[in-house]
Amino acid sequence: MSIQSLGYVGFAVKDPAAFDAFATGVLGLMAGEGGGGEHRYRLDDLAWRIAVEAGETDDLAYAGFEVAGPAELEALRARLAAGGVAVADGGAELAARRGVLGLVTCRDPDGLAVEIFYGPTLRTETPFASPVGVPAFLTGDQGLGHIVLSTRDMAASRGFYEDLLGFRLSDIISMRMGPQFSMEMAFFHCNPRHHTLALMPAPLPKRLHHFMIQVPTLDAVGFALERAEAAGAPITASLGRHTNDHMVSFYARTPGGFEVEFGFGALEVDEATWRVGRHDKPSSWGHKRGAH
Ligand SMILES: [Fe+2]
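These remarks concern the structure in this document.

Conventions adopted
- Residues numbered from 1 in each chain as written.
- Predicted model: local features only at pLDDT ≥ 70, side-chain atom pairs only at ≥ 80, totals over all residues.
- Heavy atoms only, no water.
- Helix = DSSP H or I, 4+ residues; strand = E, 2+ residues; numbered from the N terminus.
- Rg over C-alpha atoms; globule rule 2.2 N^0.38 Å.
- Buried < 20%, exposed > 50% of the residue type's maximum accessible area, 1.4 Å probe, protein only.
- Core = buried A, V, L, I, M, F, W, Y, C linked by side-chain atoms within 4.5 Å.
- Domains from an automatic or database assignment.
- Contact = heavy atoms within 4.5 Å.
- Pairing = 2+ DSSP bridges.
- Axes fitted to C-alpha atoms, helices over the stretch in contact; angles between N-to-C directions.
- Salt bridge = Lys/Arg side-chain N within 4 Å of Asp/Glu carboxyl O.
- Expected span 1.5 Å × (residues − 1).
- Arc of directions from axis to C-beta.

## Here we look at the overall build of the protein chain
So, point 1. For the protein chain, the helix and strand inventory stands at five helices and 18 strands.
So, point 2. A compact globule built from 292 residues would reach a C-alpha radius of gyration of about 19 Å, and the protein chain, at 18 Å, matches this within 12%.
So, point 3. With respect to the three principal axes, the spread of C-alpha positions in the protein chain is 45 × 45 × 40 Å.
So, point 4. The buried share among the 292 residues of the protein chain stands at 54%.

What follows is the structure, given as C-alpha cells:
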C-alpha cells in the first residue's frame, strides 16, 4: 500500500503573471478554474494539476500525492502517525479548495507541506486543449510528472518517502560536482513512471530543483524548445537523453527561478522485473549546462 502518483503541485512565485505567460505560452498548459488568488493549470482531464499563488519563496509550496480512495487514505494516515509524523485531517475547507473528496496533511522532514488525497475533480466534460497545440501530456496512472527536491537529511527523507509513503528506489546517479566531491541523487517510483520523486542531498536555497512534464512525441519537445527560445526563457540544459530513465528532454528556467524539464520517451518501470541500478552520469548525451 502506498501513494499511487503525484496528483498535483502548488508553487508560490513572486510574479504569477510572468509564470502564467510561461505556463500557457511556452509549456502549453491549459488554464483551469482559478480563484482565491490562485492560477490553476490542467494537463489532462483533472480540473487542475498545477496551482500557482503569489509568494516570496519562488519555490514549491506543497505537493499532493494521490491514493485510490478513503480506505487507502486512512491506512496511510495511520502509517504516518505510527511513524511519528504529525498528520492532520485537511478539513472540509481545504478539501473544497483543492477539489478533492478527502485529504490529510503533514510535512516532510525538510518541512515541505505534503498532502495526501483521494477523489480529485474531473473535467471529463471539457477535454484538455492546449493553447499552443501540445497534443497531450502523459499523465494517467503515472500522475502529473516528477519533482526533484533538495534535502538536508537524506536518511530522514528516505525514511519518510520510502518507508511511510511507499516510494521504491529506482536507481542512484553519482553526480560528480568537482574533483573531490560527488553527490548521490536517488530516484524513486510509485507507479510505472521511472521516477515521480528524486532527492538531491544538498542544502540548496530552494526545495524544488525542477518539475518534469512529459509529452507523447519528440516533436512536441522540439516545438516546446522553440517556444522557450522565442520567449527568451533561459535554456538551462540543452536537449539530451538521461541515462537512467532514457528521457529525451530539455530544461528551462521558469519565471519562478526553479527549472522545468520538458521530456519525451522515458522508459517505464515494470515492478515485477525492475532492478535497482547506479549510474555515474546523468545523461547519455546532451543536457549541456552553463549556456546561461
Ligand atoms: Fe527530471
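## Here's the deal with the nonpolar core
So, point 1. Ranked by internal contacts, the top residues of the largest apolar core, which has 66 residues, are Phe 11, Ile 116, Ile 147, Tyr 161, Leu 165, Phe 211 and Ile 213.
So, point 2. When residues of this core are assigned to their parent elements, the largest contribution, five residues, is made by helix H5 (residues 218-230).
So, point 3. Here this core spans two domains, and each of domain 1 (5-120) and domain 2 (140-286) adds at least three residues to it.
So, point 4. Excluding residues within four positions of it along the chain, Leu 165 makes contact with Ser 2, Ile 3, Phe 65, Leu 76, Arg 79, Leu 80, Ile 116 and Phe 160.
So, point 5. By size, the runner-up hydrophobic cluster in this structure holds eleven residues, among which are Tyr 8, Leu 94, Ala 95 and Leu 103.

## Let's talk about the sheet that holds strand E6 (residues 88-89)
So, point 1. Reading across from one edge, E2-E3-E4-E1-E5-E8-E7-E6 is the order of the eight strands in this open sheet, with mixed pairing throughout. The open sheet is flanked by strand E2 (30-31) and E6, the only strands paired with a single partner.
So, point 2. Helix-sheet contacts for helix H1 (residues 16-25) involve strand E1 (5-13), strand E3 (38-42) and strand E4 (50-54), and the interaxial angle to E3 is about 10°.

## Structural notes on the pattern of salt bridges
So, point 1. Evaluation of the coordinates by the stated rule reveals 13 salt bridges.
So, point 2. In this structure, Glu 38 engages Arg 40 in a salt bridge whose closest nitrogen and oxygen atoms are separated by 3.0 Å.
So, point 3. Of the residues examined, Glu 38 reaches a relative accessible area of 9% and is grouped as buried.
So, point 4. Overlapping salt bridges, with partners in common, bring together Glu 33, Arg 123 and Glu 125 in one network.

## Remarks on H5
In an α-helix, one turn spans 3.6 residues, which is why side chains three or four residues apart end up on the same side.
So, point 1. The end-to-end C-alpha distance of H5 is 19 Å, a good match for the 18 Å that 13 residues give at a rise of 1.5 Å each.
So, point 2. Among the residues of H5, Ala 220, Val 221, Ala 224, Leu 225, Arg 227 and Ala 228 are the ones counted as buried. Projected down its long axis, H5 carries its buried residues within an arc of 165°, all on one side. Exposed positions of H5 whose direction lies more than 90 degrees from the buried face are Asp 219, Phe 223, Glu 226 and Ala 230.
So, point 3. Buried residues along H5 sit in contact with H1, strand E14 (235-242), strand E15 (248-253) and strand E16 (259-264).
So, point 4. Positive backbone phi, at 80°, marks Gly 232, one or two positions downstream of H5.

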